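# Structural overview for review
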Amino acid sequence: KKMQINNNLNAMNTLESKLNGLAQNVATVADVSEVTQNQEVTDDLINSIVEQIPTVIAYEANANAIKTQNAVHDVLLDIKA
């Protein structure tokens, strides 16, 4: 159980880093866009925004897996007691 939770936590940390990088890309483009208001939307901005979607979904899935593992563990402890 502990190894599964550690795997989920490690995956969540990796996803958090990826999400932070994507958010930084969006913020950087937004800062540049403020200065040059006629700038077109770049592929980098579109990709950074779109890539956040599966990253957030994967992060939530790992969090839900941890919740489920904890619930199963609690039930097993109740049965054992």
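Because the structure is predicted, anything quoted here is derived from the model rather than measured. (Residues numbered from 1 in each chain as written. Predicted model: local features only at pLDDT ≥ 70, side-chain atom pairs only at ≥ 80, totals over all residues. Heavy atoms only, no water.)

## Digging into the side chain of Thr55
What counts is decided by this rule: Secondary structure is summarised from DSSP: a helix means a run of H or I of at least four residues, a strand means a run of E of at least two, and numbering begins at the N terminus for each. A contact between two residues is defined here by any heavy atoms of the two lying within 4.5 Å.
Among the structural elements, Thr55 can be located in helix H2 (residues 43-80). Setting aside residues up to four positions removed in sequence, Thr55 forms contacts with Leu15, Lys18, Leu19 and Leu22.

## As for the environment of Asn25
This is how it is decided: Exposure categories follow from relative accessible area, calculated using a 1.4 Å probe and restricted to protein chains: below 20% of the type maximum is buried, above 50% is exposed, and the middle band is partly exposed. Polar contacts here mean pairs of N or O atoms no more than 3.5 Å apart (in protein, one a potential hydrogen donor and the other a potential acceptor; neighbouring residues in sequence count only if both atoms are side-chain atoms).
Take Asn25: it is sitting in helix H1 (residues 2-35). Looking at Asn25, the relative accessible area reads 30%, which means it is partly exposed. Remark: the alpha-carbon pair of Asn25 and Asp44, spanning 19 residues in sequence, is separated by 7.8 Å. Apart from the residues lying within four places of it in its own chain, the contact partners of Asn25 are Asp44 and Ser48. Within the structure, the side chain of Asn25 is placed 3.2 Å from the side chain of Ser48, a separation counted as a polar contact.

## Focus on the side chain of Ser48
Mapping Ser48 onto the fold places it in helix H2. If we skip the residues at most four places from it in the chain, Ser48 touches Leu22, Asn25 and Val26.

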